[in-house]
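Residues per chain, in single letters:
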Amino acid sequence: MDEDDHTVFATCMAGASVACGTGCGAADLDADGDVDPADAARFQIVFTAHDGRQAVTP
Ligand SMILES: [Ca+2]
């Protein structure tokens, strides 16, 4: 996970109950059909924890 992933995530962040846009399925980290603060919390955990040495599940 890197800055490119962050850019995609930020582009896809639309809010609760707003359907994921094209190409944003990977940003829906809790798989509930939107990209909202709940996904952002998961993204932050993975983004800050991932150091390339271990797999991190959101
Ligand atoms: Ca979501």
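Residues numbered from 1 in each chain as written. Predicted model: local features only at pLDDT ≥ 70, side-chain atom pairs only at ≥ 80, totals over all residues.

S.K.: Explain the overall build of the protein residue by residue, including any values.
M.R.: The helix and strand tally for the protein stands at two helices and two strands. For the protein, the succession of helices and strands along the chain, N to C, is α-β-β-α. Burial statistics for the protein: of 58 residues in total, 12% are counted as buried. Residue pairs at least 24 apart in sequence account for 15% of intrachain contacts in the protein once pairs closer than 6 positions are excluded. (Helix = DSSP H or I, 4+ residues; strand = E, 2+ residues; numbered from the N terminus. Buried ≥ 20, exposed ≤ 12 C-beta atoms within 10 Å, placed from the backbone. Contact = placed C-beta atoms within 7 Å.)

S.K.: Explain the nonpolar core residue by residue, including any values.
M.R.: Side chains of a nonpolar character, in soluble globular proteins, are inclined to be buried together. In terms of nonpolar packing, the biggest core is built from five residues, these being Phe9, Cys12, Ala27, Val35 and Phe43. Setting aside its immediate chain neighbours within four residues, Ala27 contacts Val8, Phe9, Cys12, Val35 and Asp39. (Core = buried A, V, L, I, M, F, W, Y, C linked by C-beta atoms within 7 Å.)

S.K.: Tell me about unusual backbone geometry, and please be specific about residues and values.
M.R.: For Ser17, which is not glycine, the phi dihedral falls at a positive 65°. Here Ser17 shows up in strand β1 (residues 15-19). For Ala31, which is not a glycine, the phi torsion comes out positive at approximately 55°. On the secondary structure map, Ala31 appears in the loop between β1 and β2 (34-35). Taking the C-beta count within 10 Å as the criterion, Ala31 has 10 such neighbours and is therefore assigned exposed.

S.K.: Explain the environment of Ala41 to me, using residue names and the numbers behind them.
M.R.: In this structure, Ala41 sits in helix α2 (residues 37-49). A sequence separation of twelve residues divides Ala41 from Leu29, and the C-alpha atoms of the two residues are 9.4 Å apart.

S.K.: Quick one: what's the story with the environment of Ala40, residue by residue and with numbers?
M.R.: With respect to the helices and strands, Ala40 occurs in helix α2. The exposure class of Ala40 is partly exposed, given the 16 C-beta atoms found within 10 Å. A sequence separation of 30 residues divides Ala40 from Ala10, and the C-alpha atoms of the two residues are 8.9 Å apart.

So far we have only geometry, and geometry alone does not tell us how the molecule works.
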